[in-house]
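Analysis of the macromolecular model
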Amino acid sequence: MSDDTAIRRSLSEEIGYWLESASRTLAKRYGDGVPLAKQDMLLAHYLYGLTAVVHAHDAPAAHLAAVRSYLERLIPPERVAAALQAIPEAGDVWLENTLDRVEAIGEKQGHALLARGADVIIPFSSRHAPAAGLADPATIERDPPKEALSQ
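Our subject in this report is the structure included herewith. Just so it is clear, the structure is predicted and the values come from calculations on it, not from any experiment. (Residues numbered from 1 in each chain as written. Predicted model: local features only at pLDDT ≥ 70, side-chain atom pairs only at ≥ 80, totals over all residues. Heavy atoms only, no water.)

Once that is clear, we can look at the overall build of the protein. Along the backbone of the protein there are seven helices and zero strands. Along its sequence from the N terminus, the protein presents helices and strands in the succession α-α-α-α-α-α-α. In the protein, which comprises 151 residues, the share counted as buried stands at 41%. Counting only contacts in the protein whose residues sit at least 6 apart along the sequence, the fraction spanning at least 24 positions is 75%. Taken as a whole, the protein presents about 8,300 Å² of accessible surface, with 54% of it coming from carbon and sulfur. (Helix = DSSP H or I, 4+ residues; strand = E, 2+ residues; numbered from the N terminus. Buried < 20%, exposed > 50% of the residue type's maximum accessible area, 1.4 Å probe, protein only. Contact = heavy atoms within 4.5 Å. Areas by Shrake-Rupley, 256 points an atom, 1.4 Å probe, with all protein chains shown as cover.)

Given below as C-alpha cells:
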C-alpha cells in the first residue's frame, strides 16, 4: 500500500467521523423542532463543504458520488437523494443562512483535515472563505458542526 492510499484512507475515516459527529449534533440540537428533510439538507451541505477541499481537483460528478456514498452510510438512499436535490423554500432565510454557515464550517474542517494528513494544504477557492476563516490543524479538536449550529 502506498503512502498516498494510507493518507486517503485516514482522510476518509476522519470525514466519516466528522460526518457522524455533525449528524449527532443536528439530532441533539434540533430533534423534532426541525423537519428531518431540513436536517438532511444541513448534513449534506456540511459534508459538501468538508469534502470540497479533498475533491477540489476532481470532476464535480466524482465529488457528488463521494458525498452520496458518505451520506448513505448514515441515512437511507431515498433521503440522500432528496437532500442532494432539495433547495430551500423561497423566503426560508433561516435555512439559507444555516446551510451557508454549515457548509463554510465543513470547508474549514476539510482544510484542517487535509493539513493534518498532508504537509501542504491544497488551495481551494470558496465563496465561503471569509466566513470559514483560515483552517488550523488545532481546529480538529473542536466540534465545528456544533459551533455552527449553536450560533
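Having put the structure on the table, let's press on.
Let us now look at the pattern of salt bridges. A full pass over the atoms with the stated rule returns two salt bridges. Where Asp 92 meets Lys 38, a salt bridge forms, and the shortest distance between an N and an O atom there is 2.8 Å. Of the two residues, Asp 92 is situated in the loop between α4 (77–85) and α5 (93–117) and Lys 38 in helix α2 (residues 36–52); the sequence distance between them amounts to 54 residues. Given a relative accessible area of 15%, Asp 92 falls into the buried group. With a relative accessible area of 25%, Lys 38 lands in the partly exposed category. Across the pair Asp 40 and Arg 79 runs a salt bridge, and its minimum N-O distance is 2.8 Å. Separated by 39 residues along the polypeptide, Asp 40 in helix α2 and Arg 79 in helix α4 bring together distant segments of the chain. Note on Asp 40: relative accessible area 5%, which makes it buried. What makes Arg 79 partly exposed here is its relative accessible area of 27%. (Salt bridge = Lys/Arg side-chain N within 4 Å of Asp/Glu carboxyl O.)

Take the packing of aromatic side chains next. Scanning the model with the defined rule gives two aromatic pairs in all. Here the aromatic rings of Tyr 17 and Trp 18 are separated by 5.1 Å at their centres, their planes lie at 85°, and the arrangement is edge-to-face. (Phe/Tyr/Trp six-rings, centres within 6.5 Å; stacked < 30°, edge-to-face > 60°.)

Before going further, it helps to examine the nonpolar core. Membership of the largest hydrophobic core comes to 29 residues, with the highest contact counts inside it found for Ile 15, Leu 42, Tyr 46, Leu 47, Leu 50 and Leu 71. Secondary structure elements with two or more residues in this core: α1 (3–30), α2, α3 (60–71), α4 and α5. (Core = buried A, V, L, I, M, F, W, Y, C linked by side-chain atoms within 4.5 Å.)

This part takes up the environment of Val 54. Examined against the element boundaries, Val 54 turns out to sit in the loop between α2 and α3. Overall, Val 54 belongs to the buried group, its relative accessible area being 19%. Separated by 60 residues in sequence, Val 54 and Leu 114 place their C-alpha atoms 7.1 Å apart.

As a further point, take the packing of α3 against α4. Two numbers describe how α3 lies on α4: the axes approach to 9 Å, and their chain directions differ by 135°. One element, α3, and the other, α4, form an angle in the oblique class. In this structure, α3 crosses over α4, and the sense of that crossing is right-handed. Counted together, Leu 64, Val 67, Arg 68 and Leu 71 of α3 and Val 80, Ala 81 and Leu 84 of α4 form the full contact between these two elements. Split into classes, the residues belonging to the contact of α3 with α4 amount to six nonpolar, no polar and one charged. (Axes fitted to C-alpha atoms, helices over the stretch in contact; angles between N-to-C directions. Parallel < 35°, antiparallel > 145°, perpendicular 65-115°, else oblique. Left-handed = near helix turned anticlockwise from the far one by under 90°. Nonpolar A, V, L, I, M, F, W, Y, C, P; charged D, E, K, R; others polar.)

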